[in-house]
Amino acid sequence: MSARRNPYVGPRALRAGEPLHGRDREVARLYDRVLAERIVLLYSPSGAGKSSLLQAGLIPRLQASGFAIRPVVRVGLEPPTGAPAGVNRYVLSTLLSLEEDVPQARQLELTALAGLTLAQYLARRREGEGEDAEVLVLDQFEELLTVEPTAIAARQAFFAQLGEALRDDRVWLVVAMREDFIAGLDPHRAAIPGKLRATFRLDLLDRTAALAAVQAPALAAGVTFRAEAAEQLVDDLRQVRVQGIDGAVETLQGPYVEPVQLQVVCRGLWAALPADAREIAAADVARLGDVDQALARYYDAEVAAAARASKTPERALRGWIG
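Residues numbered from 1 in each chain as written. Predicted model: local features only at pLDDT ≥ 70, side-chain atom pairs only at ≥ 80, totals over all residues. Heavy atoms only, no water.

1. With respect to the side chain of Ser52
Stage number 1. By secondary structure assignment, the location of Ser52 is in helix α2 (residues 50–64).
Stage number 2. For Ser52, a relative accessible area of 11% gives the class buried.
Stage number 3. Leaving out residues up to four positions away in the same chain, Ser52 has contacts with Ala13, Leu14, Leu20 and Gly57. (Helix = DSSP H or I, 4+ residues; strand = E, 2+ residues; numbered from the N terminus. Buried < 20%, exposed > 50% of the residue type's maximum accessible area, 1.4 Å probe, protein only. Contact = heavy atoms within 4.5 Å.)

2. Considerations on the pattern of salt bridges
Pairs can form between side chains of opposite charge once their charged atoms are near each other.
Stage number 1. One pass over the full model with this rule turns up 26 salt bridges.
Stage number 2. The salt bridge partner of Arg70 is Glu134, with a shortest N-O separation of 2.7 Å. Here Arg70, found in the loop between β2 (68–69) and α3 (89–98), pairs with Glu134, found in strand β3 (residues 134–138); they are 64 residues apart in sequence, far enough to count as distant. Each member of the pair, Arg70 together with Glu134, is buried. (Salt bridge = Lys/Arg side-chain N within 4 Å of Asp/Glu carboxyl O.)

3. Overview of the packing of aromatic side chains
Centre-to-centre distance and the angle between the planes together describe a pair of aromatic rings.
Stage number 1. The tally for this structure, following the rule as stated, stands at five aromatic pairs.
Stage number 2. Ring plane angle 75 degrees and centroid distance 5.0 Å describe the contact between Phe67 and Trp172, whose orientation is recorded as edge-to-face. Remark: Trp172 occurs in strand β4 (residues 171–178) and Phe67 occurs in the loop between α2 and β2; sequence separation between them is 105 residues. Trp172 matches Phe67 in its accessibility class, with the two residues each being buried.
Stage number 3. With centroids separated by 5.9 Å and ring planes inclined at 85 degrees, the aromatic side chains of Phe141 and Phe159 adopt a geometry described as edge-to-face. Of this pair, Phe141 sits in the loop between β3 and α6 (143–146) while Phe159 sits in helix α7 (residues 152–166), placing them 18 residues apart in sequence. Accessibility assignment for this pair places Phe141 and Phe159 in one class, buried.
Stage number 4. One aromatic cluster is present, built from ring pairs that chain together Phe141, Phe158 and Phe159.
Stage number 5. Above the face of the Tyr31 ring, Arg61 is positioned so that its terminal group lies 4.4 Å from the ring centre. (Phe/Tyr/Trp six-rings, centres within 6.5 Å; stacked < 30°, edge-to-face > 60°. Lys NZ or Arg CZ within 6 Å of the ring centre and 35° of its normal.)

4. Quick word on the packing of helix α1 (residues 24–37) against α2
Think of two packed helices as two axes; the pair is described by the angle between the axes and how far apart they sit.
Stage number 1. Between α1 and α2, the shortest axis-to-axis distance is 10 Å and the interhelical angle comes to 55 degrees. Accordingly, the angle class assigned to the pair α1 and α2 is oblique. Two packed elements cross with a definite hand, and for α1 against α2 that hand is right-handed. Contacts between α1 and α2 pair Glu26, Val27, Ala28, Leu30, Tyr31 and Val34 from the former with Leu53, Leu54, Gly57, Leu58, Arg61 and Leu62 from the latter.
Stage number 2. Split into classes, the residues belonging to the contact of α1 with α2 amount to nine nonpolar, one polar and two charged. (Axes fitted to C-alpha atoms, helices over the stretch in contact; angles between N-to-C directions. Parallel < 35°, antiparallel > 145°, perpendicular 65-115°, else oblique. Left-handed = near helix turned anticlockwise from the far one by under 90°. Nonpolar A, V, L, I, M, F, W, Y, C, P; charged D, E, K, R; others polar.)

Here it is, written out as structure tokens:
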């Protein structure tokens, strides 16, 4: 197994400072949309890389333009022990996320934080830090609809507070969510200035972008990923199974690659390289096996590691996942 740092991150989002390959066009277009509209809804299929686009692409570019970027917000965090009874869990989750970059000695007590509206909290931060323009980034926003789906009044109150905060034109907003939950926003759009009409759709990786995501990380680590090997891998990743009306299943070349699958497969490929390898050839990709086999090996290894770490029988863990 290679002792070199693996340049493929696997099934997690890229972070600020990590290179985002194959998405230059999308970063530029989303940046332009945010500058033009101030409030933007980013949506995509599951696994297209919204979080990576935000953290490794858009946020660094906005920071370079002078915006104050607040910590990425998750609205679905569980209320901590000691939270006041009746507190709006979505608002409190947002405020707790925003507090993450505040030095611990200056963080608000939980009861004081829970007593603030979102607009009051942001005004307090701006006054204390002298910022003129701040950007809120709400990632995995579908949690607002999936965490306690019957909490309609709490969602309405959250949107009312978010809309109040956004009436100050010094506050900018990027909301990111899976596209299959967008219809759930319809009852709440009227509370937001512009009604979230400004949108940006992120698709999965096309073949050109996928080749860049395969080859560029290896090259940056001093290894040449040969063109024929990269093409072989990407074409394998593009395969989709289509069932006809007669029930027969046919394997076809689709137009897109899922970034998560690409990262998992490439991470496994890199880990299997000899320590002194200077190129990745078609034979290396062939030894990896097909994509299904590579993903299965990854799954097996991670389940075994999780079972060991949690002292849970692997069979029980596999049953729970299934």
